[in-house]
Number of protein chains: 2
Amino acid sequence: MVARKSAQSTSENRPGAPTLDDVARVSGLSPITISRALNHPHMVRPQTIEKVNAAIALTGYIPNLLAGGLASKRSKMIAVAVPQINNAMFVDSIQALSDQLAVYGYHMLLCLAGYAQQSEEQLVSAILSRKPDGIVLTGINHTQLLKKRLLLTGVPVVEIWDLTPTPIDMLVGFSHEKVGNDIAGYLMGKGYRRFGMVWADDERAEIRRQGILAGVKPHGITDIPIIRVPTPAILELGRQGLVQLMATGQSFDAIICSSDALAQGVIVEAGINGISVPAELAVMGFGDLDFAHCCSPSISTVHIDKKAIGQRAADILIAKIEGRPVANNIVDVGFKLMARQSA
Amino acid sequence: MVARKSAQSTSENRPGAPTLDDVARVSGLSPITISRALNHPHMVRPQTIEKVNAAIALTGYIPNLLAGGLASKRSKMIAVAVPQINNAMFVDSIQALSDQLAVYGYHMLLCLAGYAQQSEEQLVSAILSRKPDGIVLTGINHTQLLKKRLLLTGVPVVEIWDLTPTPIDMLVGFSHEKVGNDIAGYLMGKGYRRFGMVWADDERAEIRRQGILAGVKPHGITDIPIIRVPTPAILELGRQGLVQLMATGQSFDAIICSSDALAQGVIVEAGINGISVPAELAVMGFGDLDFAHCCSPSISTVHIDKKAIGQRAADILIAKIEGRPVANNIVDVGFKLMARQSA
DNA sequence: TTGTAGGCGTTATCAG
DNA sequence: CTGATAACGCCTACAA
């Protein structure tokens with residue numbers, strides 16, 4: 001305790017991690033110059049940058065984005081709220097979104113409602129504390145309070161996986177009602193009339209169902225027997241769905257499912273019961289999940305460009321954040337009905 | 001412009017969002033009391049808390065966790081690095097991890113290496129700037145520099161989905177080598193000898209392969225024909241895999257796949273070619289994905305408690321962060337071979 | 001149980 | 001192109 005070793009240039013005697021000041025001291029420059037070298041290199045002479053890099057390597061400096069974000073009011077972070085990720089539908093969009101955000105230098109704070117069923121409202125409120133530069137929300141149904149809060153803070157918001165002329169801010173998705181209409185039209189065109197449904201408990205699936213009902217109504221069909229299943233929709237539930245439909249004693253010539261996994265389950269169950277698909281029973285899916293095109297029989301379904309949803313969402317969100325013009329705040333990525341073997 | 005309305009008590013004339021000071025002013029308390037009411041309610045009188053809540057509601061105050069984190073050195077954020085999320089294996093673990101983190105009041109920064117193939121090292125370095133309170137890493141293979149960095153910063157780390165006696169810090173996973181051994185033992189026990197493999201290009205899958213090879217070696221089998229496929233492993237690749245294996249002209253009695261999706265593909269392809277499973281060809285998967293138990297034939301596979309991995313990882317990580325004792329820094333969740341119809 | 005003083009690490013602003 | 005100064009919003013001491 002008598003004589004302390006003379007403090008070395010860097011941080012010999014300091015406990016915490018090296019800071020901008022340490023780098024400044026080592027390089028003989030001022031802190032702000034280090035900051036600029038890192039964030040606005042074009043404002044600094046090349047040889048100065050080299051000095052800075054050397055000092056950074058020497059000190060092992062890691063920037064503190066909490067401090068940076070506090071000072072600059074930009075966190076370079078995007079919050080993404082999804083109901084659940086173990087739903088095959090969303091995963092590809094999230095992956096693409098994350099990839100594209102990375103391109104722009106942003107990180108993703110992923111918030112899952114999860115089993116705890118924390119409401120989206122609470123979730124987003126909590127997230128706002130992190131000061132994300134932008135927010136991605138799933139769907140277009142949000143509480144009034146949430147919308148108000150979002151509008152109040154002014155954070156750029158992109159809603160995905162649905163369509164409305166009046167998004168909170170921006171939107172990338174497609175019309176589930178139209179999907180339903182097209183499915184109805186396709187199956188009617190093929191001559192099917194005795195429909196049954198195996199349907200996940202999901203708000204967008206419900207809109208597709210309405211679209212289907214609207215599509216078959218002109219043909220005198222006013223009701224379709226339906227078995228509802230919980231999310232995430234998995235093969236097993238499809239099997240159970242068909243069993244339950246058959247137990248009603250009615251006869252069917254086409255089963256419409258709210259997702260490909262359910263359709264696959266219906267097909268498996270049909271196979272076990274000696275019902276040939278599509279000869280005796282047609283099966284229609286949704287989503288064009290990776291297995292749909294190469295099952296046997298391949299599944300007739302609706303293709304969604306899930307990757308595009310994530311990518312475009314990142315594009316317009318970051319554009320807005322960085323002040324670049326956004327051509328269109330509503331992006332309809334559409335969909336494509338894939339006529340395959342099962343229906 | 002002549003006379004400005006007299007400034008109202010809250011923020012009428014202030015541009016930014018309301019801060020702790022605003023709440024303090026409105027409630028007639030000091031900022032620190034507001035802070036405590038929010039973060040350490042037990043240190044504040046109930047009626048004071050009510051006053052605070054009223055003021056918060058009035059002002060529409062949203063805490064700023066960037067500032068809070070900077071001051072307290074705790075960000076309440078966990079960074080999670082996963083190679084890709086559109087890999088059915090990881091999704092359930094991530095969901096469970098996120099759910100459990102939410103229980104403890106932490107948010108998840110999800111970082112995907114993604115298609116850009118940004119190295120994990122760069123990824124984690126970038127992440128450290130956000131000052132996460134903890135980090136979850138996939139697997140146990142990391143560069144020396146990364147390990148050193150992590151050790152240096154002292155952030156608690158949990159590695160998941162693999163096993164080693166020498167983790168960086170903590171670990172939740174299982175032995176892929178043992179899985180391989182057990183698969184070999186099971187199939188040998190069933191009398192299969194002419195093996196073929198359809199295998200994803202993945203480091204953990206490779207370890208399982210080594211385990212299988214080690215397991216069959218005592219029986220005089222020194223090599224197994226293999227078709228390698230890229231990740232993510234999907235049904236289609238399984239089909240192609242079987243086609244390619246058959247094209248070699250060799251005969252097989254059991255196809256071992258690195259994942260259930262591939263196994264499903266092999267089964268589909270076999271079915272199309274009139275090869276009966278398992279009578280003429282056995283098929284083994286891995287992962288026990290949701291569809292494995294209810295396909296037809298059901299898939300013999302290895303069950304991993306994916307949810308437990310995420311949950312336990314959250315548990316020990318948060319325990320360590322919050323200074324609670326961690327009974328064991330290595331958690332082996334094990335696995336279970338599921339003997340079903342396909343093999 | 002509540003308040004005061006000071007600092008967390010960075011960047012905006014303005015000056016040179 | 002570089003630097004000095006003053007925030008950014010909150011929390012950890014310590015004191016009352």
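Computed from a prediction, not measured in an experiment: that's the story for all the values here.

Caption draft 1: Spatial organisation of the relation of the copies chain A and chain B. Of the transformation superimposing chain A on chain B, the axial component is 0.1 Å and the angular component is 180 degrees, with the fit at an RMSD of 0.1 Å. Interpreted geometrically, this transformation is the action of a two-fold axis. It is Leu109(A) whose C-alpha, among those of chain A, lies nearest the rotation axis, at 2.2 Å. Most of the interface of chain A is mirrored in chain B, where 100% of its interface residues again form contacts.

Caption draft 2: Region of interest: the confidence of the model for chain A. In this model, chain A carries an average pLDDT of 91, and 94% of its residues clear a pLDDT of 70 or more. pLDDT under 50 marks residues 1–14 of chain A. Its contacts with residues more than four places away, or in other chains, come to 10 contacts.

Caption draft 3: Up close: the interface of chain A and chain B. The partner chain B presents 48 residues to the 48 residues of chain A that form the contact. Between chain A and chain B lies a buried interface of about 4,600 Å² when both sides are counted; carbon and sulfur atoms form 62% of it. When the buried surface of chain A facing chain B is broken down by residue, Leu66(A), Gln95(A) and Arg130(A) rank first, second and third, together holding 16% of it. Inspection of the region where chain A meets chain B yields zero salt bridges. At the surface where chain A touches chain B, the tally comes to 18 residue pairs in polar contact (both at pLDDT 80 or more). Those elements that place two or more of their residues in the side of chain A that touches chain B are helix H4 (65–72), helix H5 (88–104), strand S2 (107–112), helix H6 (120–128), helix H7 (144–153), helix H10 (235–247) and helix H11 (260–272) of chain A. Residue composition of the side of chain A that touches chain B, grouped by class: 25 nonpolar, 14 polar and nine charged.

Caption draft 4: Quick peek at the protein's contact with DNA strand D. In the region of DNA strand D, 24 residues are neighbours, and Thr33(A), Thr48(A), Leu20(B), Ser35(B) and Tyr61(B) sit closest. Looking at DNA strand D alone, sugar and phosphate atoms form 69% of those within 4 Å of the protein. In this structure, a phosphate oxygen belonging to DNA strand D sits 2.5 Å away from a side-chain N or O atom of Thr33(A). Residue Lys73(A) places a side-chain N or O atom 3.3 Å away from a phosphate oxygen belonging to DNA strand D. Elements that contribute at least two residues to the surface near DNA strand D include exactly helix H2 (31–39) and H4 of chain A together with helix H2 (31–39) and helix H4 (65–72) of chain B.

Caption draft 5: Region of interest: the UniProt feature "domain: HTH lacI-type" (unreviewed entry) in chain A. The UniProt record annotates "domain: HTH lacI-type" (unreviewed entry) at residues 18–72 of chain A. Helix makes up 71% of residues 18–72 of chain A and strand makes up 0%, while its end C-alpha atoms are separated by 20 Å.

Caption draft 6: Region of interest: the pattern of salt bridges. All names here are of chain A. Under the counting rule described, the total for this entry stands at 18 salt bridges over all chains. Between Arg324 and Glu322 there is a salt bridge; the shortest N-O distance is 2.5 Å. Salt bridges linked by common partners bring Glu206, Arg209 and Arg228 together as one network.

Caption draft 7: View of the protein's contact with DNA strand C. The local shell around DNA strand C holds 24 residues, among which Leu20(A), Ser35(A), Tyr61(A), Thr33(B) and Thr48(B) are the closest. For DNA strand C, the fraction of protein-proximal atoms (within 4 Å) that sit in sugar or phosphate groups is 68%. Here a phosphate oxygen of DNA strand C sits 3.0 Å away from a polar atom, N or O, in the side chain of Ser30(B). Here Lys73(B) contributes a side-chain N or O atom positioned 3.3 Å from a sugar or linking oxygen of DNA strand C. When contributions to the surface near DNA strand C are tallied by element, the ones reaching two or more residues are H2 and H4 of chain A together with H2 and H4 of chain B. Per-element tally for the surface near DNA strand C: the top contributor is H4(A), with four residues. Of the residues that constitute the surface near DNA strand C, the class distribution is 11 nonpolar, nine polar and four charged.

Caption draft 8: Local environment of the side chain of Gln84(A). Mapped onto the fold, Gln84(A) is located in the loop between strand S1 (77–82) and H5. Leaving out residues up to four positions away in the same chain, Gln84(A) has contacts with Phe90(A), Thr231(A), Pro232(A) and Gln95(B).

Caption draft 9: The domain arrangement of chain A, seen in detail. Looking at the assigned domains, one finds that chain A contains domain 1 (2–71), domain 2 (75–174 + 306–333) and domain 3 (176–303). Relative placement of domain 1 of chain A and domain 3 of chain A: their C-alpha centres are 62 Å apart.

Caption draft 10: Main features of the sheet that holds strand S8 (residues 254–257) of chain B. All names here are of chain B. One open sheet accounts for four strands, arranged S7-S6-S8-S9; its pairing is parallel. Looking along the sheet, the strands with just one partner apiece sit at the ends: strand S7 (226–229) and strand S9 (282–284). Recorded for the sheet is a direction-independent mean angle of 15 degrees between the axes of neighbouring strands. Here helix H9 (residues 203–216) sits on the sheet and contacts strand S6 (195–200), S7 and S8; the angle it forms with S6, its principal contact strand, is near 165 degrees.

Caption draft 11: Quick peek at the sheet that holds strand S6 (residues 195–200) of chain A. Residues and elements named next belong to chain A. With parallel pairing, four strands are arranged side by side in an open sheet as S7-S6-S8-S9. Sheet topology places strand S7 (226–229) and strand S9 (282–284) at the edges, where each strand pairs with a single neighbour. Pairwise comparison of adjacent strand axes, ignoring direction, gives a mean angle of 15 degrees for this sheet. Summarising the sheet, S6 and strand S8 (residues 254–257) pair through four bridges and their orientation is parallel. Across the sheet, the residue bridging to Gly196 is Ile255, located in S8. Its contacts with the sheet put helix H8 (residues 176–189) on S6, S8 and S9, and the angle it makes with S9 is roughly 165 degrees. Seen against the sheet, helix H9 (residues 203–216) touches S6, S7 and S8 and runs at an angle of roughly 165 degrees to S6.

Caption draft 12: Highlighting the packing of aromatic side chains. Tallied over the full model, the rule gives six aromatic pairs over all chains. Considering the side-chain rings of Phe174(B) and Phe286(B), the 6.4 Å spacing of their centres and the 40 degrees angle between planes classify their relative orientation as tilted. One end of the pair, Phe174(B), is in the loop between strand S5 (170–173) and helix H8 (176–189); the other, Phe286(B), is in the loop between S9 and strand S10 (301–303), and 112 residues separate them in sequence. We note that Phe174(B), like Phe286(B), is buried. Taking the ring centre of Phe286(A) as reference, the NZ or CZ of Arg208(A) above it sits at 3.7 Å.

Caption draft 13: Quick peek at empty space enclosed by the protein. Tallied over the entire structure, the rule returns one cavity of 30 Å³ or more. Of the pockets and cavities examined, the largest cavity occupies roughly 80 Å³. Forming the walls of the largest cavity are Leu65(A), Leu66(A), Ser75(A), Met77(A), Arg130(A), Leu65(B), Leu66(B), Met77(B) and Arg130(B). Listed by contribution, the elements that provide at least two residues to the lining of the largest cavity are H4 of chain A together with H4 of chain B. A breakdown of the residues in the lining of the largest cavity according to their chemical character gives six nonpolar, one polar and two charged.

Caption draft 14: Up close: the pairing of S1(A). Residues and elements named next belong to chain A. Along S1, six of the six residues are buried, which leaves the element largely enclosed by surrounding structure. Every second residue of S1 is oriented toward a common face, with Met77, Ala79 and Ala81 on one face and Ile78, Val80 and Val82 on the other, all of them buried. Here six bridges tie S1 to S2, and the two strands are oriented parallel to one another. Looking across to S2, one finds that Ala81 is bridged to Cys111. You can see the chain leave S1, run along H5 and come back into S2, and the turn it takes is right-handed. Note that S1 and strand S3 (residues 134–138) share four bridges and pair parallel. Residue pairing for S3: Ala81 is matched across the bridge by Leu137.

Thresholds, definitions, all that
Residues numbered from 1 in each chain as written. Chains lettered and ligands numbered in written order. Predicted model: local features only at pLDDT ≥ 70, side-chain atom pairs only at ≥ 80, totals over all residues. Heavy atoms only, no water. Least-squares fit on C-alpha atoms with pLDDT ≥ 70 in both. Contact = heavy atoms within 4.5 Å. pLDDT = per-residue confidence, 0-100. Buried area = accessible area lost by both parts, 1.4 Å probe. Salt bridge = Lys/Arg side-chain N within 4 Å of Asp/Glu carboxyl O. Polar contact = N/O pair within 3.5 Å; in protein donor to acceptor, adjacent residues only side chain to side chain. Helix = DSSP H or I, 4+ residues; strand = E, 2+ residues; numbered from the N terminus. Nonpolar A, V, L, I, M, F, W, Y, C, P; charged D, E, K, R; others polar. Near = heavy atom within 4 Å. UniProt positions renumbered as here; feature names shortened; annotations may be inferred. Domains from an automatic or database assignment. Pairing = 2+ DSSP bridges. Axes fitted to C-alpha atoms, helices over the stretch in contact; angles between N-to-C directions. Phe/Tyr/Trp six-rings, centres within 6.5 Å; stacked < 30°, edge-to-face > 60°. Buried < 20%, exposed > 50% of the residue type's maximum accessible area, 1.4 Å probe, protein only. Lys NZ or Arg CZ within 6 Å of the ring centre and 35° of its normal. 1 Å grid on protein atoms, 1.4 Å probe; cavity = no way out; pocket = protein on both sides within 12 Å on 5 of 7 lines; lining within 4 Å. Points joined across faces, edges and corners; volume = space filled by probe spheres on them. Right-handed = clockwise from strand over helix to strand, strands pointing away.

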